[in-house]
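# Residue-level structure breakdown
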Amino acid sequence: MDYNWHWGIFFEQVKAGEETYLDWLIAALGWTVSVSLVAWLIALVLGSLVGIARTTPHRWLRWPGAAWVELFRNIPLLVQMLLWFFVVPELLPENLSLWVKRDMPAKEFVTAAVALGLFTSARIAEQVRAGIESLAGGQRTAGLALGLTLPQTYRHVLLPMAYRIILPPLTSELMNVFKNSSVAFAIGLMELTFTARQMQEDSEQGIETYLAVTVLYFLCAFIANRVMALIERRSRVPGYITQAG
Amino acid sequence: MLAGFDFSVIPASLPFLWEGLQFTVRLTVIAMTGGIVFGTLLAMARLSGIAPLASAAAWYVNLMRSVPLVLVILWFFLVIPIVIGHPIGAENSAIITFTAFEAAYYSEIMRAGIQSIPKGQVAAGYALGMGYWPTMHHVVLPQAVRNMAPVLLTQTIILFQDTSLVYAIGAKDLLKASEIVGRNYGRPVEMYVFVAIVYLVISLALSLLVRRLQRNIAIK
């Protein structure tokens, strides 16, 4: 093996600029975290709606829900990113299209958050659906028999249990969002993976660069995992859900 | 709007796109085969009860599963030439990376499958005088594979879609080929739509297949 190690590289200045490589990585971490959290929010809201729709007795809600899931689950995330970035603006009315292409602020960030959010929403929808379906059918019937409307039954009977049941898969999904945000490199969002490639080229210290970035991804996953474990502990129903994490 | 789209570049460049799709499929099949073989070995190592072996396998699996695939692709692309002393090209690097990466995911599926077999069957195998490997080979694995076949295939659909990430190192798969065509003919938008439809159709077809398989081969 022939490689020149240089761990001090992070404190050196980048080739064209005043900042150090460490500054680059910190800014990149900020983009990774913010795009992941925004996408997660989008995914939670839309995924819950779609997942709930798929468990209702109404066919005109179930069918579009199923189509949503299949659409966003069967196209690679990278291709979805490129579609949102290059194709969707072309489909908009002309004025809006021009605005999106030329003037929209933080275009890469918005596109990446939307693409990652919708992609993840299909996966969350499946988990929400599985959570609701895992409850004994009697709970729904009991709610309705007590005179609750269908929305009330969801709000007070089904969803509080369903969300608690799916917390562990939601935890891995949140960790996936952080990992999947790396795909945003392809549309030029200056997140960790994009910056890693840039720093590798600029500094020619690839191994140190990728090691540092790997550690930062670990950190994100670890914190996400701990936060979700805390929520899991706080929301546990005594005697119902087995102890975890 | 859509009216301004011109899809006529696609028929003209079909042979080129076909080459790209062939690489995508080849990568998927090799990574699936290799991933299942190495994944099974990893799973057996984790369940072997030999502490150093089990923890080494656990470390490998957890490491691979907590790093983004794109980063793993970049890692291997950077490190393989340093280790072996000469570049091996984006395509070969992709094949090695995906096999190593997918092994971690397949191993978790295999482990769940192996653990789904009642302990009594392993005990029965030992009681009949079979050792660890014969028991695995003749009793546990045939059933585990059957239980796990739908999940293994679902993972393969994910793998098929994930192969698009070789984009990061410029390997010429379906996506890259489409992009090159789009750039050469000045029709990138049409080509992105085309590539999305191809992935959608293939993945949907595969997932319908998995659903049918799930109904047919389940051990009742």
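None of the values given here were measured: they were computed from a predicted structure.

Right, let's talk about the overall build of chain B for a bit. Per the secondary structure count, chain B includes nine helices and zero strands. Order of helices (α) and strands (β) in chain B, N terminus to C terminus: α-α-α-α-α-α-α-α-α. Reported as C-alpha extents along the three principal axes, the dimensions of chain B are approximately 70 × 50 × 25 Å. For chain B, buried positions account for 50% of its 220 residues. Within chain B, contacts between residues separated by at least 24 positions form 78% of all contacts whose residues are at least 6 apart in sequence. Total accessible area computed for chain B in this model is approximately 10500 Å², and 70% of it derives from carbon and sulfur atoms. When the 14 positive and 9 negative side-chain charges of chain B are each reduced to one mean point, those points stand 15 Å apart.

Our focus in this paragraph is the overall build of chain A. For chain A, the count of helices and strands is ten helices and zero strands. Reading chain A from its N end, one meets helices and strands in the order α-α-α-α-α-α-α-α-α-α. The principal-axis extent of the C-alpha atoms belonging to chain A is close to 70 × 50 × 30 Å. Expressed as a percentage of the 245 residues in chain A, the buried residues total 47%.

Residues and elements named next belong to chain A. Under the UniProt annotation, the feature "transmembrane region" (unreviewed entry) is placed at residues 24-50, 71-89 and 209-228. Each end of residues 24-50 is marked by a C-alpha atom, and these two atoms are 38 Å apart; helix forms 100% of the span and strand 0%. Each end of residues 209-228 is marked by a C-alpha atom, and these two atoms are 29 Å apart; helix forms 100% of the span and strand 0%.

Residues and elements named next belong to chain A. Running from N to C, helix α1 (residues 21-55) and helix α9 (residues 192-203) cross one another at 165°; their axes reach a closest spacing of 8 Å. Between α1 and α9, the crossing angle belongs to the class labelled roughly antiparallel. Like other packed secondary-structure pairs, α1 and α9 cross with a definite hand, here right-handed. Residue-level contacts link Tyr21, Trp24, Leu25, Ala28, Leu29 and Thr32 of α1 to Leu192, Thr195, Gln198, Met199, Asp202 and Ser203 of α9. Across the contact of α1 with α9, the residue classes break down as seven nonpolar, four polar and one charged.

A few words now on the UniProt feature "domain: ABC transmembrane type-1" (unreviewed entry) in chain A. Per the UniProt annotation, the sites labelled "domain: ABC transmembrane type-1" (unreviewed entry) are residues 29-228 of chain A. Split by type, residues 29-228 of chain A is 84% helix and 0% strand. Its first and last C-alpha atoms lie 20 Å apart.

Turning next to the side chain of Ser178 of chain B. Residue and element names in this part refer to chain B. Position of Ser178 among the secondary structure elements: in helix α8 (residues 174-185). The exposure class assigned to Ser178 is buried, which follows from its relative accessible area of 1%. A distance of 2.7 Å separates a polar atom in the side chain of Ser178 from the backbone oxygen of Leu174. Leaving out residues up to four positions away in the same chain, Ser178 has contacts with Leu17, Met191, Phe194 and Val195.

Once that is clear, we can look at the interface of chain B and chain A. At the interface, 34 residues of chain B touch 34 residues of chain A. Roughly 3100 Å² of surface becomes buried between chain B and chain A when both sides are summed, with 77% attributable to carbon and sulfur atoms. The three residues of chain B that bury the most area against chain A are Trp75, Ile82 and Tyr192 of chain B, which together make up 18% of that side's buried surface. Counting across the chain B and chain A interface gives one salt bridge. Note that Glu70 of chain A is salt-bridged to Arg211 of chain B, the shortest N-O span being 3.1 Å. For the interface between chain B and chain A, the tally reads seven residue pairs in polar contact (both at pLDDT 80 or more). Elements with a minimum of two residues in the side of chain B that touches chain A: α3 (51-65), α4 (69-84), α7 (132-162) and α9 (188-217) of chain B. Among the elements that make up the side of chain B that touches chain A, the one with the highest residue count is α9 of chain B (eleven residues). Its residues assigned to classes, the side of chain B that touches chain A shows 27 nonpolar, five polar and two charged.

Attention shifts here to the UniProt feature "domain: ABC transmembrane type-1" (unreviewed entry) in chain B. Taking the UniProt record as the reference, the feature "domain: ABC transmembrane type-1" (unreviewed entry) is found at residues 21-210 of chain B. The distance from the first to the last C-alpha atom of residues 21-210 of chain B is 21 Å, and the span holds 83% helix and 0% strand.

Here the focus is unusual backbone geometry. Residues and elements named next belong to chain A. Although it is not a glycine, Ala106 adopts a positive phi angle of roughly 45°. Inspection of the secondary structure assignment puts Ala106 in the loop between α4 (94-102) and α5 (107-134). Accessibility expressed as a relative area gives 40% for Ala106, which makes it partly exposed. Backbone geometry at Glu204 places phi at a positive 60°, although glycine is not the residue there. Within the secondary structure layout, Glu204 lies in the loop between α9 and α10 (206-234). A relative accessible area of 59% places Glu204 in the exposed class.

Within the element layout of this structure, Asn92 of chain B appears in helix α5 (residues 90-115). For the pair Asn92 of chain B and Phe77 of chain B, spaced 15 residues apart in sequence, the C-alpha to C-alpha distance is 9.3 Å.

Before going further, it helps to examine the pattern of salt bridges. Counted according to the given criterion, the structure contains 14 salt bridges over all chains. Close ionic contact of Arg54 of chain A with Glu126 of chain A constitutes a salt bridge, the shortest N to O distance being 2.7 Å. Remark: Glu126 of chain A occurs in helix α5 and Arg54 of chain A occurs in helix α1; sequence separation between them is 72 residues. Per residue, the accessibility class of Arg54 of chain A equals that of Glu126 of chain A, and both read buried. For the salt bridge of Glu133 of chain A with Arg129 of chain A, the shortest nitrogen-to-oxygen distance reads 3.7 Å. Highlighted residues: Glu133 of chain A and Arg129 of chain A, both in helix α5, separated by four residues, approximately one helical turn. One salt-bridge network, in which partners are shared between bridges, spans Arg54, Glu70, Arg73, Glu126, Arg129 and Glu133 of chain A together with Arg211 of chain B.

Procedures and definitions
Each chain has its residues counted from 1, running along the sequence as written. Each chain takes a letter, starting from A, and each ligand takes a number, starting from 1, following the order in which they are written. Per-residue local features of the predicted model are confined to residues with pLDDT of at least 70, and side-chain atom pairs are confined, for both listing and counting, to 80 or more; whole-chain, interface and lining totals are unaffected and use all residues. Derived side-chain values reflect all non-hydrogen atoms in the structure, with water molecules and hydrogen atoms excluded from consideration. Where helices and strands are cited, they refer to DSSP runs of H or I of at least four residues and of E of at least two residues respectively, numbered from the N terminus. Throughout this description, buried means an accessible area under 20% of the type-specific maximum (1.4 Å probe, protein chains only), exposed means over 50%, and partly exposed covers the range between. Contacts were defined at the residue level, with two residues in contact if any of their heavy atoms lie within 4.5 Å. Every accessible area reported is derived by Shrake-Rupley at a probe size of 1.4 Å, with residue values counting cover from the shown protein chains alone. When charges are counted, neither His nor the chain ends are considered; positive counts come from Lys and Arg and negative counts from Asp and Glu. We put the charge of a Lys on NZ, of an Arg on CZ, of an Asp on CG and of a Glu on CD. UniProt positions are given in the numbering used here, feature names are shortened, and annotations may be inferred rather than shown by experiment. As a rule, the C-alpha atoms of each element are fitted with a line to give its axis, helices using only the stretch in contact, and angles between N-to-C directions run from 0 to 180 degrees. Working definition: roughly parallel below 35 degrees, roughly antiparallel above 145 degrees, roughly perpendicular at 65 to 115 degrees, and oblique for all remaining angles. By convention, the crossing between two helices is left-handed when the near helix turns anticlockwise from the far helix through less than a right angle, and right-handed when the turn is clockwise. Three categories are distinguished: nonpolar for Ala, Val, Leu, Ile, Met, Phe, Trp, Tyr, Cys and Pro, charged for Asp, Glu, Lys and Arg, and polar for the others, with Gly belonging to the last. Whenever a nitrogen or oxygen atom comes within 3.5 Å of another N or O atom, the pair is scored as a polar contact, on the condition that within protein one atom can donate a hydrogen and the other can accept it, and that pairs from neighbouring residues in sequence are kept only if both atoms are in side chains. A 1.4 Å probe defines the accessible area here, and the buried area is the portion of it lost by two parts on being joined, summed over both. Salt bridges are defined as contacts in which a side-chain nitrogen from Lys or Arg sits within 4 Å of a carboxyl oxygen from Asp or Glu.

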